[in-house]
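Fold and geometry: a report
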Amino acid sequence: MRKLCILAITVLFAFGLMGCGSSGAGKAEPKAEPAATEKAQAAPKSKILVAYFSISGHTKTLAENTAKALGADIYEIRPEKPYTSDDLNYNDENTRATVEQKNDQARPALADKNANIGGYETIILAHPIWWGQAPRIIDTFVESYDFTGKNVTNICTSGGSDIGSSGDHLQRITRGKANWKKGKLFNPSASENDIKSWFDGLGIK
């Protein structure tokens, strides 16, 4: 009997050790958070987005003033390959911008496609006038997103040209069925009141 008791205690002790040794083995290791594959788009704070392209800073100033006047969000349209001052030499037929503007099919690549177009009701495109038209990178931009159902217009700055047919051209190539409104050439330092007055007249507030 004594031997049987000792044997039973030994077996129970052995099972106890096995249980302790495996107590942590069945627990799943906490999974590491997956790395973000791309920067999350910020949630819109406004119903209006001012998307601008600027090299000299004049259009950037206009875009910022417009965003303030309308309480709009703002987004910079950036080229994958930045432009230099030499690229904009009007006196050289071989400069990058000259060659692009003379080619209706030129589409400079964008640095990113993170504009949250779908989150806004109205998109305002701010750009300079190059050789009588919007820079070709604006063509790339309006073909890269679906503007269906959006109010769209363009505002621009220029060293001497007017807005010309830039809006008509952009309207023709914009992806999706957008509601295009008349655009306007502004002085880069236009006041917020002047800007707001113009957009009030378009029904954009």
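The structure we're discussing is the one just above.
Residues numbered from 1 in each chain as written. Predicted model: local features only at pLDDT ≥ 70, side-chain atom pairs only at ≥ 80, totals over all residues. Heavy atoms only, no water.

1. Regarding the overall build of the protein
Across its full length, the protein carries six helices and six strands. The buried share of the protein, taken over its 205 residues, is 40%. A separation threshold of at least 6 residues defines the contact pool for the protein, and within that pool the share at least 24 residues apart is 79%. When the accessible surface of the protein is totalled, it reaches about 12400 Å², and 52% of it is carbon and sulfur. (Helix = DSSP H or I, 4+ residues; strand = E, 2+ residues; numbered from the N terminus. Buried < 20%, exposed > 50% of the residue type's maximum accessible area, 1.4 Å probe, protein only. Contact = heavy atoms within 4.5 Å. Areas by Shrake-Rupley, 256 points an atom, 1.4 Å probe, with all protein chains shown as cover.)

2. Remarks on helix α6 (residues 192–202)
Buried within α6 are the following residues: I195, F199 and L202. Buried residues of α6 fall within an arc of 45° about the axis and therefore sit on the same side. Exposed residues on α6 whose side chains face more than 90 degrees from its buried face are N193 and G201. Considering only its buried residues, α6 is in contact with α2 (58–70), β3 (122–128) and β4 (151–157). (Arc of directions from axis to C-beta.)

3. A look at the nonpolar core
If you look at the biggest cluster of nonpolar residues, it comprises 26 residues, and the most contacted ones within it are I77, L125, I138 and F141. At the level of elements, β1 (48–52), β3, α4 (136–144) and α5 (166–173) are the ones that each hand at least two residues to this core. If one sorts the elements of this core by residue count, α4 sits on top with four residues. With 18 residues, the next largest nonpolar core counts L62, A67, A72 and I155 among its residues. (Core = buried A, V, L, I, M, F, W, Y, C linked by side-chain atoms within 4.5 Å.)

4. As for the packing of α2 against α6
Packing of α2 against α6 leaves a shortest axis separation of 9 Å and a crossing angle of 70°. By the angle between their directions, the pair α2 and α6 is classed as roughly perpendicular. The chirality of how α2 crosses α6 is right-handed. Between α2, through L62, N65, T66, K68, A69 and L70, and α6, the contact on the second element is made entirely by E192, I195, K196 and F199. Residues belonging to the contact of α2 with α6 are distributed by class as follows: five nonpolar, two polar and three charged. (Axes fitted to C-alpha atoms, helices over the stretch in contact; angles between N-to-C directions. Parallel < 35°, antiparallel > 145°, perpendicular 65-115°, else oblique. Left-handed = near helix turned anticlockwise from the far one by under 90°. Nonpolar A, V, L, I, M, F, W, Y, C, P; charged D, E, K, R; others polar.)

5. Notes on unusual backbone geometry
Of note, W131 is a non-glycine position whose phi angle comes to about 55°, a positive value. One can find W131 in the loop between β3 and α4.

6. Re the packing of aromatic side chains
In this structure the tally under the stated criterion is seven aromatic pairs. Ring centres of Y83 and W130 lie 5.4 Å apart, and the angle between their planes is 75°; this geometry places the pair in the edge-to-face category. Taken together, the residues Y83 in the loop between β2 (73–76) and α3 (96–101) and W130 in the loop between β3 and α4 connect sequence positions 47 residues apart. Of the two residues examined, Y83 and W130, each falls in the buried class. Seen from their ring centres, Y90 and W131 are 4.5 Å apart, and the 25° between their planes marks the pair as stacked. A residue pair is termed long-range when its members are at least 10 positions apart, and Y90 in the loop between β2 and α3 and W131 in the loop between β3 and α4 qualify at 41 residues. Accessibility expressed as a relative area gives 31% for W131, which makes it partly exposed. Ring-pair connections join several aromatic residues into one group, and the members of that group are Y75, F141, Y145 and F147. Across from the ring centre of Y83, 3.6 Å away, lies the NZ or CZ of R96, which sits over that ring. Looking at K184, its charged tip hangs above the ring of W198, at a distance of 5.2 Å from the centre. (Phe/Tyr/Trp six-rings, centres within 6.5 Å; stacked < 30°, edge-to-face > 60°. Lys NZ or Arg CZ within 6 Å of the ring centre and 35° of its normal.)

7. Overview of the pairing of β3
Of all seven residues making up β3, seven are buried, and the element is well covered by its neighbours. The two faces of β3 match: T122, I124, A126 and P128 on one face and I123, L125 and H127 on the other face are all buried. Relative to β3, β1 is paired through five bridges, and the arrangement is parallel. The residue bridging Y52 from the neighbouring strand is A126, located in β3. (Pairing = 2+ DSSP bridges.)

8. Description of the side chain of D139
Looking at where D139 falls in the secondary structure, it is placed in helix α4. At a separation of 3.5 Å, a polar atom in the side chain of D139 contacts the side chain of R107. Among residues more than four places away in sequence, those in contact with D139 are R107, H169, L170 and I173. (Polar contact = N/O pair within 3.5 Å; in protein donor to acceptor, adjacent residues only side chain to side chain.)

It is worth stressing that arrangement in space is one thing and function is another; only the former is reported here.
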